[in-house]
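Close look at the chain arrangement
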Amino acid sequence: FERMRLGEISDPLLLADAPLRHRQGKTRMPQLLPGFDWHLRTFTGHFAMAWINQKTVMRSASLLPSLYGTDFTYSEGMATSNPIKVCLVSFFSIMLYMFLMLPFG
């Protein structure tokens, strides 16, 4: 079992085919910090599965370019009406990611 480097894990196009890899500028990293979405009028924050879902969706987009189109972008987060909840989820997610990056030998 080999550990993946952080750069590989955070690459949103990791599973995508070569034709889609040139579109690095059109993908956004999943939301990590809390925020407010004025279009939805709700608080938004980090969603734990966003890192994996983004890779899966971008892989599908690379395999089915006619279905997704040329201007396809993807981003994912969690919506909630409670600002305290979104701040707590974001804080503990960051703490968990920092803990997981510690070397364990």
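My aim in this report is to walk through the structure given alongside it, one point at a time. A quick note: this is a predicted structure, and the numbers were derived from the prediction, not measured.

Moving on to the layout of surface pockets. The computed volume of the second largest pocket comes to approximately 190 Å³. In terms of lining residues, the second largest pocket is bounded by 11 residues, among which Gln31, Asp37, Thr44, Ser75 and Gly77 are the most central. Grouping the amino acids of the lining of the second largest pocket by side-chain chemistry returns four nonpolar, four polar and three charged.

Now for helix H3 (residues 50-63). Its 14 residues place the ends of H3 20 Å apart at the C-alpha level, agreeing with the 20 Å of an ideal helix rising 1.5 Å per residue. Taken residue by residue, H3 has Ala50, Gln54, Lys55, Val57, Met58, Ala61 and Ser62 as its buried positions.

Attention shifts here to a nonpolar patch on the surface. Taken together, Ile84, Leu88, Phe91, Phe92, Met95, Met98 and Met101 make up a surface patch of nonpolar side chains, about 740 Å² in accessible area. Residue placement: Met98 occurs in helix H5 (residues 83-100).

Scanning the model with the defined rule gives three aromatic pairs in all. Between Phe36 and Phe43, the ring centres sit 5.0 Å apart and the planes meet at 75 degrees, which makes this aromatic pair edge-to-face. Taking 5.2 Å as the distance between ring centres and 75 degrees as the angle between the ring planes, the aromatic pair formed by Phe91 and Phe92 counts as edge-to-face. In this structure Phe91 comes out as partly exposed when scored by relative accessible area, which is 44%. The exposure class assigned to Phe92 is exposed, which follows from its relative accessible area of 52%. Among the aromatic residues, those joined into a cluster by ring pairs are Phe36, Trp38 and Phe43.

With that settled, consider the side chain of Thr80. Within the element layout of this structure, Thr80 appears in strand S3 (residues 78-80). Overall, the relative accessible area of 10% leaves Thr80 in the buried class. With sequence-adjacent residues up to four places away left out, Thr80 is seen in contact with Thr42, Phe43, Lys85 and Val86.

Read from one edge of the open sheet, three strands run S1-S2-S3, paired in antiparallel fashion. The open sheet has two free edges, formed respectively by strand S1 (35-37) and S3, since each of these has just one partner strand. Here the average twist between neighbouring strands, direction ignored, is 40 degrees. In this sheet, S3 lies alongside strand S2 (residues 42-45) in antiparallel orientation, the contact comprising three bridges. Among the inter-strand pairings, Phe43 is bridged to a residue of S3, identified as Thr80.

What counts and what doesn't
- Residues numbered from 1 in each chain as written.
- Predicted model: local features only at pLDDT ≥ 70, side-chain atom pairs only at ≥ 80, totals over all residues.
- Heavy atoms only, no water.
- 1 Å grid on protein atoms, 1.4 Å probe; cavity = no way out; pocket = protein on both sides within 12 Å on 5 of 7 lines; lining within 4 Å.
- Points joined across faces, edges and corners; volume = space filled by probe spheres on them.
- Nonpolar A, V, L, I, M, F, W, Y, C, P; charged D, E, K, R; others polar.
- Helix = DSSP H or I, 4+ residues; strand = E, 2+ residues; numbered from the N terminus.
- Expected span 1.5 Å × (residues − 1).
- Buried < 20%, exposed > 50% of the residue type's maximum accessible area, 1.4 Å probe, protein only.
- Patch = residues over 30% accessible without salt bridge, like charges linked within 9 Å, V, L, I, M, F, W, Y side chains within 5 Å.
- Areas by Shrake-Rupley, 256 points an atom, 1.4 Å probe, with all protein chains shown as cover.
- Salt bridge = Lys/Arg side-chain N within 4 Å of Asp/Glu carboxyl O.
- Phe/Tyr/Trp six-rings, centres within 6.5 Å; stacked < 30°, edge-to-face > 60°.
- Contact = heavy atoms within 4.5 Å.
- Pairing = 2+ DSSP bridges.
- Axes fitted to C-alpha atoms, helices over the stretch in contact; angles between N-to-C directions.

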